[in-house]
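Listed below, chain by chain, are the residues.
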Amino acid sequence: MKIGTPKETYEGENRVAMTPASARDLQKLGHECVIETKAGLAAGFADADYEAAGVEVVKTAAALWKAADIVAKVRVPNETEMKRLRANQTLISFFSPVADEDKMQAAAKKGATVIAMEMIPRISRAQKMDALSSMANIAGYRAVIEAGNNFGRFFTGQITAAGKVPPAKVLVVGAGVAGLAAIGTSTSLGAITYAFDVRPEVAEQVESMGAEFVYLDFEEEQADGASSGGYASVSSPEFREAQLAKFRELAPEMDIVITTALIPNREAPELWTEDMVKAMKPGSVVVDLAAEKGGNCKLTVKDEKIVTDNGVTIIGYTDFPSRMATQASTLYATNIRHLLTDLTPEKDGVIDHDMDDDVIRGATIAHAKEVTFPPPPPKVQAIAAQPKAAVKEPTPEEIRANEVAAFKAQTKQQVTLLGIGAALLLLIGLIAPASFMQHFIVFILSVFIGFQVIWGVAHSLHTPLMAVTNAISSIIILGALIQIGSTGWLITILAALGIFMASINIFGGFLVTRRMLAMFQKS
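Residues numbered from 1 in each chain as written. Predicted model: local features only at pLDDT ≥ 70, side-chain atom pairs only at ≥ 80, totals over all residues. Heavy atoms only, no water.

The name given to the protein chain in an unreviewed UniProt entry is NAD(P) transhydrogenase subunit alpha, with the source organism recorded as Thalassorhabdomicrobium marinisediminis. As recorded by UniProt, the Sequence similarities (unreviewed entry) comment attached to the protein chain reads in full: "Belongs to the AlaDH/PNT family." Regarding the protein chain, the relevant UniProt record gives this comment under Function (unreviewed entry): "The transhydrogenation between NADH and NADP is coupled to respiration and ATP hydrolysis and functions as a proton pump across the membrane." (UniProt positions renumbered as here; feature names shortened; annotations may be inferred.)

Encoded structure:
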C-alpha cells in the first residue's frame, strides 16, 4: 500500500509525519511511500533527502490524497482535507475525537478508517507508539528553555567578583512525561527545583532527579490522585483547596512556574490563580503547557506571551514541539512507523486492521462506517496491588523452637561433612606414603583455617587483607621456584602453575589496593 504524508496546513506547524529514515523502515514492511513537496522542509528534511530514501515526491496535496491508501499527518485534518478523505482510506493523525466529533462522524459516514494518535492506550506494549508522551517530553524540555529565555537571571547560582547570584527557584506542577522532562532540564541547569503531583507515588521519581517533591498535609491525597491509564484523575474539592493553599504559600518564592496538568479530552484544571500571579516577584515567568485546553493559569492567553502589571511573564504557546521540529518529527515519525509495523504483521505491504488488538482498537475512532469512539477498556489491565495478609508475629516459644531446629540441622550437616572428609582421608592414607599424609593434613588444616578466617573478615578490612594475601603468595612463589627445577614433569608443571596464579594474586592485589587508596586522596 502507499503511505502518504501531506504538508501540514496549520499555521506555524513545522513538524512532518514521515522522515527519510522512517520511510526506509516503512518500505521494509512492503509499503510504498509518497510525500508532498516541501512537506519536511521546515523540519530540516529536503525533497532530495526523501528521493534518496526512495520516496515519491508529488507536487500537490490533492495528488497525494488521491494516490495514498494511508495518510499519516500531525495535526487534525482541516475541512479541505476531510473532503479529500475517501472510503477505504486510512487516516493516522492527532484527531481530538471529543472536540472534532463532526469530523469523526463524517469520516465514519464515508467509510474511512481514522486512527487518533492521542488515543493510543498507555500500556507497556504501546509505549513505542505513544505520540503524546513523545511530544510531551519535548514540550517539557522546551518549556524550560523558553522560561530561561524570558527570565532575567541564571538558573544556577554563581559567586563572582561582581557579586553573588542566587539560583533560580522552579516549580513544576504535574510530574507526568512533560513534567519529568521539565524537572530533568531544570535541575541539570542548576535551578532549585520543586515539583507537585496529585499522585504521591511519583515522589521517588521526582526526588531521584534531584528535585524536591511538594507534599500536602492531606489524608485523602493518595486516594484522590491515582488513576488508571497513566494520567492523574480529577481531585476532590477538599484536596483542591489544600492544593491551592500550598501554591499560594509557594508563589512569592518561585521564580519560574511550569504547569503541565492536563487530562486528555477534558478542559485543563485551573491551578495557578490570578492572586498567585500577583504574589509572584517582578521578572518571574509562568509557562502554561495546558494552554491548548484553556490553561492551568487563569491569565494564560492561548498562543501568546503576555506580561502582567506586576511584571510576570505568562507564556501560553501551544507549539512547543513544533519549535523543535527536527527532533519532534523524528520521534513522531518513529511512533507512526511502530504503529504501521503492528498494522502490517506479515510485512507484505497489506494492512490488517485487527480490532481485537488492544492498541489498534483503542486508537481507532472510526472504522467500517461506524464511530468506534470511545473504545472499551484494554484487556490488558495493570495488576492491582493486593493487600498484604496480616503477618502473625511468632511467640518466644516458636522463635526458640525455630532456632533449635536450625541449630540441629546445621550440626547434622557439619557432622555429615566431617564424616565424609574423615572417610576420604582414611582412604587416601591407605594408599599414599606417610610423608605425603603429613603434608596433606597440614594443607587441609590450613585451607580450613584460612577459609574460616577470611570468611569472617568485614568488608571494610578487605584492602589490608589483600596485603596479607600478597605476603602469603610470595611464600608460595618461593616454594614453587624451588620445586620448578624438579626432575618430575608433573611437579614442574604444578610449580609453574603455582607461580602463575600467585603472581596474578600479587599484582591484582596491589592494583586493587592502589585504586581503593586513591579514592581517599585529594586530587
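1. Quick look at the nonpolar core
In summary, soluble globular proteins display a tendency toward joint burial of nonpolar side chains. By size, the foremost hydrophobic cluster in this structure holds 39 residues, and its most contacted members are Val-55, Ile-92, Met-117, Tyr-332, Leu-339 and Leu-340. Counting only elements with at least two residues in this core, the list comes to α1 (20-28), β2 (32-36), β4 (70-72), α6 (131-150), α12 (325-343) and α13 (358-363). Among the elements that take part in this core, α12 stands out by supplying seven residues, more than any other. Leave out the neighbours within four places in its chain, and Val-55 touches Met-18, Ala-23, Gln-27, Cys-33, Val-34, Ile-35 and Tyr-50. Formed by 30 residues, the second largest nonpolar core is a distinct cluster that contains Ile-183, Ala-203, Ile-258 and Val-287. (Core = buried A, V, L, I, M, F, W, Y, C linked by side-chain atoms within 4.5 Å. Buried < 20%, exposed > 50% of the residue type's maximum accessible area, 1.4 Å probe, protein only. Helix = DSSP H or I, 4+ residues; strand = E, 2+ residues; numbered from the N terminus. Contact = heavy atoms within 4.5 Å.)

2. Description of a negative patch on the surface
Residues Glu-346, Asp-348, Asp-352, Asp-354 and Asp-356 make up a contiguous surface patch of negative charge. Looking at where Asp-354 falls in the secondary structure, it is placed in the loop between α12 and α13. (Patch = residues over 30% accessible without salt bridge, like charges linked within 9 Å, V, L, I, M, F, W, Y side chains within 5 Å. Areas by Shrake-Rupley, 256 points an atom, 1.4 Å probe, with all protein chains shown as cover. Salt bridge = Lys/Arg side-chain N within 4 Å of Asp/Glu carboxyl O. Lys, Arg positive; Asp, Glu negative; His and termini not counted. Charge placed at Lys NZ, Arg CZ, Asp CG, Glu CD.)

3. Some remarks on the packing of α1 against α12
Contact geometry of α1 with α12 gives a least axis separation of 9 Å together with a crossing angle of 5°. Looking at the two axes, α1 sits roughly parallel to α12. Across the interface between the two elements, Ser-22, Asp-25 and Leu-26 of α1 pack against Ala-333, Arg-337 and Leu-340 of α12. Residue classes in the contact of α1 with α12 are distributed as three nonpolar, one polar and two charged. (Axes fitted to C-alpha atoms, helices over the stretch in contact; angles between N-to-C directions. Parallel < 35°, antiparallel > 145°, perpendicular 65-115°, else oblique. Nonpolar A, V, L, I, M, F, W, Y, C, P; charged D, E, K, R; others polar.)

4. Quick look at helix α5 (residues 101-110)
Turning to α5, its buried residues number three or more, namely Lys-103, Met-104, Ala-107 and Ala-108. All buried residues of α5 fall inside an arc of 135° around its axis, so they share one side. Those residues of α5 that are exposed and angled more than 90 degrees off the buried face are Asp-102 and Lys-109. The inward-facing, buried residues of α5 contact α4 (79-84), β6 (113-116), β16 (364-367) and β17 (370-371). Of the residues one or two after α5, Gly-111 is the one with positive phi, at around 90°. (Arc of directions from axis to C-beta.)

5. Here we look at the packing of aromatic side chains
Considering all chains together, one arrives at eight aromatic pairs under this definition. Relative to Phe-239, the ring of Phe-196 lies with its centre 6.5 Å away and its plane at 25°, an arrangement referred to as stacked. Linking Phe-196 in strand β10 (residues 192-196) with Phe-239 in helix α10 (residues 237-250), this pair joins segments that are 43 residues apart in sequence. Taking 5.7 Å as the distance between ring centres and 45° as the angle between the ring planes, the aromatic pair formed by Phe-247 and Trp-272 counts as tilted. With Phe-247 in helix α10 and Trp-272 in the loop between β12 (256-259) and α11 (274-279), this residue pair connects regions lying 25 residues apart in the sequence. Each of the two residues, Phe-247 as well as Trp-272, counts as buried. (Phe/Tyr/Trp six-rings, centres within 6.5 Å; stacked < 30°, edge-to-face > 60°.)

6. Digging into the confidence of the model for the protein chain
Averaged over every residue, the pLDDT of the protein chain is 88; the share at 70 or more is 90%. Residue range residues 382-388 is modelled with pLDDT below 50. Its contacts to residues more than four positions away, or to other chains, number zero contacts. (pLDDT = per-residue confidence, 0-100.)

7. Some words on the pairing of strand β5 (residues 90-93)
Every second residue of β5 is oriented toward a common face, with Thr-90 and Ile-92 on one face and Leu-91 and Ser-93 on the other, all of them buried. Here β4 pairs with β5 via three bridges, running parallel. Looking at β5, one finds that Ala-72 is bridged to Ile-92. Handedness of the crossover joining β4 and β5 through α4 is recorded here as right-handed. (Pairing = 2+ DSSP bridges. Right-handed = clockwise from strand over helix to strand, strands pointing away.)

8. Structural notes on the UniProt feature "transmembrane region" (unreviewed entry) in the protein chain
Per the UniProt record, "transmembrane region" (unreviewed entry) is annotated on residues 415-434, 440-458, 465-484 and 490-512. For residues 415-434, the end-to-end C-alpha separation is 26 Å, with 90% helix and 0% strand making up the annotated structure. Along residues 490-512 the backbone is 100% helical and 0% strand, and the end-to-end C-alpha distance reaches 33 Å.

9. Re unusual backbone geometry
Of note, the bond from Phe-373 into Pro-374 is cis; its omega dihedral lies within 30 degrees of zero at 0°. Considering the arrangement of structural elements, one finds Pro-374 in the loop between β17 and α14 (396-431). One non-glycine residue, Lys-369, lies in positive phi territory at about 65°. Its place among the elements puts Lys-369 in the loop between β16 and β17.

10. As for the sheet that holds strand β14 (residues 305-307)
Pairing in this open sheet of seven strands is mixed, and the strands run β11-β10-β9-β12-β13-β15-β14 from one edge to the other. Edge positions in the sheet fall to β11 (212-213) and β14, since each of these pairs with one other strand and no more. Bridge count between strand β13 (residues 285-288) and strand β15 (residues 313-315): three bridges; the pairing is parallel. By the bridge assignment, Val-285 is partnered in β15 with Thr-313.

11. As for the pattern of salt bridges
The final tally for this structure, using the stated rule, is 20 salt bridges. Ionic pairing is found between Arg-75 and Glu-292, a salt bridge with its closest N-O pair at 3.9 Å. A residue pair is termed long-range when its members are at least 10 positions apart, and Arg-75 in the loop between β4 and α4 and Glu-292 in the loop between β13 and β14 qualify at 217 residues. According to the relative accessible area criterion, Arg-75 is buried, its value standing at 12%. Here the residues in one salt-bridge network are Glu-13, Arg-15, Arg-75 and Glu-292, joined through shared partners.

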